[in-house]
Amino acid sequence: MSRAYASTTSTATITTAAAAAASSTPTLEIDAILDAAPYVPVISSLSSVYSASALPAQERRWASLVESFKNLYPAEDLTFIARSPGRVNLIGEHIDYSLFDVLPMAITQDVLIAVHVGGTDGKLVLNNTDPHFVSRTFNVADLKDLEIDATVHEWSNYFLAGVKGLFSLLPSAEIPSMHCLIDGRIPTGAGLSSSSAFVCASLLAIATAVKAASPYSTTFANAVTKSDLVQSAIVSERHVGVNSGGMDQSASVFGVPGHALRVQFYPQLKASPVAFQSDDFAFVIANTLVVADKHVTGPIHYNLRVVETTVAAEILAKQCGLGPLPIRDGFGGTLRGVVEAFKARGVDMTGVMDKVKQVFSKQEGYTLAETAELLGQTELEITQKYMTRFPVRFERFQFRARALHVLDEARRVERFCELLTHAPADQCGEDAEEKYLQDLASIMTASHKSCRALFDCSCEELDELVGLAVANGAYGSRLTGAGWGGATVSLVRKDKADEFVQCLKEEYYSKRYPGISQDKMNDAICITEPGLGSAVVVGSYSG
Ligand code: NG1
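Residues numbered from 1 in each chain as written. Predicted model: local features only at pLDDT ≥ 70, side-chain atom pairs only at ≥ 80, totals over all residues. Heavy atoms only, no water.

Draft legend 1. Spotlight on the overall build of the chain. On a plain count of helices and strands, the chain comes out with 18 helices and 14 strands. Radius of gyration (C-alpha) of the chain: 23 Å, near the 24 Å computed for a compact globule of 543 residues. Along the first, second and third principal axes, the C-alpha set of the chain runs to 70 × 60 × 55 Å. Counting the 543 residues in the chain, one finds 58% classified as buried. Considering only contacts in the chain between residues 6 or more positions apart, those separated by 24 or more positions represent 74%. As displayed, the chain has an accessible area near 21,400 Å², and 52% of this comes from carbon and sulfur atoms. One finds the centroid of the 46 positive side-chain charges in the chain at a distance of 4 Å from the centroid of its 61 negative side-chain charges. (Helix = DSSP H or I, 4+ residues; strand = E, 2+ residues; numbered from the N terminus. Rg over C-alpha atoms; globule rule 2.2 N^0.38 Å. Buried < 20%, exposed > 50% of the residue type's maximum accessible area, 1.4 Å probe, protein only. Contact = heavy atoms within 4.5 Å. Areas by Shrake-Rupley, 256 points an atom, 1.4 Å probe, with all protein chains shown as cover. Lys, Arg positive; Asp, Glu negative; His and termini not counted. Charge placed at Lys NZ, Arg CZ, Asp CG, Glu CD.)

So, in structure tokens, the structure goes:
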């Protein structure tokens, strides 16, 4: 191991830009980055966006995007390119919407939106470099009152969610004519947050365009703060039909190169970059190539889990006499609220898990009628409150298993961060290093097991990839993101990472998908580096 294990963290509260700026007394490097730079950065060189290893391929891609933009809109200048990345979650799955901390990091793969601002046609034109997504045009004058039909799976809805976000930030904004070309390189349904990256990039593009078109503005820098972008993107993505947490948008906007991000949601949203002090390990993302489309399967998967965890919290509060819980985003109480209420009564996490087992003693789950009895509400009241805006389908709610996963996963995040940030320097040496990596990995492995057995969000292909990863030298491996398909993340030694990737290509991709092309495999599995969050790029669009 090249450096001691001690690593650094610091915290930047992101309630509002003004608050962040006012409270900023930066004592640590990362505080300085976030507090002194509350706005999404405006950058003129790709070398500030991508790592040296990613840069050559990205330069080719950006040149091709600029070329395509010129061919599509020959008479128009390219005003700027808005960019937001995907993320991989290292630990903390399905607990953001219960307001527990998570540990994602922004990745290289991203969504780019090339924009011309300032035409006179009064149109928002959306084109995509992927020909599957056909061109869409809207009158900018109609955008304010536009309703998104979440029942229709339509690619431009994600951009329109950004429009909604803009109006929630700036209700009297006038969106100028915008002609856009979008290039997304995050595989969809892979658990790498392509949808949030698209919404964040869209909101950033529109906010920047509004600033650029303003007669009072001489620059379009500082169009939107990172905190406003995150908070507004979280709420606006719900217009697309998913009752989402806030992890993805936070990672996409706040990403810091070389760092994971500890994202906290309680008592308020906070992002704390966590540096990896060791150069010796790497994370490998491997996509099962099973598309997990939570916008389609929301009623039986993602949105149902949000209901199960929310109602479990409400029942615990009622049955244990905790009083009313603080409500998350107008939806319901949270398991974090339950834990905090118990903490105030001197009950620790193990005690709370015991209460969960007592209150939810029926292992087979609860019907709606049984749920109504536990909550002291009618079935209609429960349906209207929790299952109308985001409809769900179920036979029995699995309160016990879901709540136990959430509480234990929250503890795993604590332990993982503890290991990353406070590992003592005197642990240096081969054996200590081995033990350190094994400790981190065992937390990841336990997380996967819990996702599979308690949260029921894995699938055969994810389990197979996790098994193959461990059999081929990974210290630990787990599904990342929502699950039900999508990708795994594995902890490997950096010097073994290429060999590891090759093994998975042979043992998973070539066997499951005979005849798969090298390009497709290279897209599916990669060694990942924590990268920069959202940015606006202007200028030469090169390194
Ligand atoms: P992905 O993997 O992007 O579908 C979803 C949620 C996250 C989080 C994870 C599970 C959205 C936009 N994202 O991520 O907030 O709950 O699942 O940990 O809903």
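Having seen the structure, we can now continue with the description.
Draft legend 2. Inspection of the sheet that holds strand E10 (residues 281-287) at higher detail. The 4 strands are arranged E11-E12-E10-E13 in an open sheet whose pairing can be described as antiparallel. The outermost strands of the open sheet, each flanked by one partner alone, are strand E11 (476-480) and strand E13 (525-528). Going from strand to strand, the sheet's axes swing by 25° on average, the running direction of each strand aside. Bridge analysis of E10 against E13 gives 4 bridges, and the strand direction is antiparallel. Within E13, the residue paired with Ile285 across the bridge is Cys526. The strands touched by helix H15 (residues 430-453) are E10, E11 and strand E12 (487-493); relative to E11, the strand with the most contacts, the crossing angle is about 35°. (Pairing = 2+ DSSP bridges. Axes fitted to C-alpha atoms, helices over the stretch in contact; angles between N-to-C directions.)

Draft legend 3. Structural view of the environment of Arg393. Here Arg393 shows up in the loop between helix H13 (379-386) and helix H14 (399-422). In this structure, the C-alpha to C-alpha distance between Arg393 and Glu93, residues 300 residues apart in sequence, is 22 Å. Discounting residues that sit within four places of it in the chain, Arg393 has contacts with Pro299, Ile300 and Leu304.

Draft legend 4. How the structure looks around the site of the ligand. Near the ligand, the surroundings consist of 18 residues, among which Glu93, His94, Asp96, Asp248 and Tyr302 are the closest. Between Tyr302 and the ligand, the recorded distance is 2.6 Å, taken from a side-chain N or O atom to an oxygen atom. Interatomic distance of 2.8 Å between a backbone N/O atom of Ala482 and an oxygen atom of the ligand. Contact with the protein chains hides 97% of the accessible area of the ligand, taken as 440 Å² for the molecule alone. Among the residues making up the shell around the ligand, the classes are represented as 5 nonpolar, 7 polar and 6 charged. (Near = heavy atom within 4 Å. Polar contact = N/O pair within 3.5 Å; in protein donor to acceptor, adjacent residues only side chain to side chain. Nonpolar A, V, L, I, M, F, W, Y, C, P; charged D, E, K, R; others polar.)

Draft legend 5. Geometry of helix H7 (residues 247-254). By the criterion of burial, H7 is predominantly enclosed, with 8 of the 8 residues buried. By the burial criterion, the buried members of H7 are Met247, Asp248, Gln249, Ser250, Ala251, Ser252, Val253 and Phe254.

Draft legend 6. Spatial organisation of the nonpolar core. Of all hydrophobic cores here, the largest spans 139 residues; its most connected members are Phe80, Leu90, Ile113, Phe159, Ile175, Met178 and Phe360. Top element by residues in this core is helix H5 (residues 194-213). It accounts for 12 residues. Each residue touching Phe360, except ones within four places of it in the same chain, is listed here: Ala312, Ile315, Leu316, Tyr366, Leu374, Phe399 and Arg400. Among the nonpolar cores identified, the runner-up in size contains 21 residues, and Ile43, Leu112, Leu181 and Tyr541 belong to it. (Core = buried A, V, L, I, M, F, W, Y, C linked by side-chain atoms within 4.5 Å.)

Draft legend 7. Focus on the sheet that holds strand E7 (residues 178-184). Across the sheet, which stays open at both edges, the 7 strands sit in the order E2-E14-E3-E4-E7-E5-E6 with mixed pairing between neighbours. Edge strands, defined here as strands with exactly one partner in the open sheet, are strand E2 (42-43) and strand E6 (136-139). Bridge analysis of strand E5 (residues 123-128) against E6 gives 4 bridges, and the strand direction is antiparallel. Counterpart to Val125 in the pairing with E6 is Thr137.

Draft legend 8. Local environment of the packing of aromatic side chains. Across all of its chains, the model carries 19 aromatic pairs by this definition. Plain terms: the ring middles of Tyr366 and Phe399 are 5.7 Å apart, the flat faces sit at 35° to each other, and that makes the pair tilted. You can see Tyr366 sitting in the loop between helix H11 (349-359) and helix H12 (368-375) and its partner Phe399 sitting in helix H14, a full 33 residues away along the chain. Across this residue pair, the class does not change: Tyr366 and Phe399 are buried. (Phe/Tyr/Trp six-rings, centres within 6.5 Å; stacked < 30°, edge-to-face > 60°.)

Draft legend 9. A look at the environment of Ser196. Tracing the chain through its elements places Ser196 in helix H5. As for Ser196 and Gly246, which are separated by 50 residues in sequence, their C-alpha atoms are 9.4 Å apart. With residues up to four places along the chain from it excluded, the contact list for Ser196 reads Glu237, Asp248 and Gln249. Reaching out from Ser196, the side chain makes a polar contact with the side chain of Glu237 at a distance of 2.9 Å.

Draft legend 10. Spotlight on the pattern of salt bridges. On inspection of all chains with the given rule, the structure shows 32 salt bridges. In this structure, the salt-bridge partner of Asp248 is Arg87, at a minimum N-O distance of 2.8 Å. Linking Asp248 in helix H7 with Arg87 in strand E3 (residues 80-91), this pair joins segments that are 161 residues apart in sequence. In this structure, Asp248 and Arg87 share a single accessibility class: buried. With its nearest N and O atoms 2.8 Å apart, the salt bridge here joins Asp439 to Lys435. With Asp439 and Lys435 both in helix H15 and 4 residues apart, this pair spans about one turn of that helix. Asp439 sits in the partly exposed class, given a relative accessible area of 25%. You can call Lys435 partly exposed: its relative accessible area is 49%. Shared partners join several salt bridges into a network, and the residues in it are Glu93, Asp408, Glu409, Arg411, Arg412 and Arg478. (Salt bridge = Lys/Arg side-chain N within 4 Å of Asp/Glu carboxyl O.)

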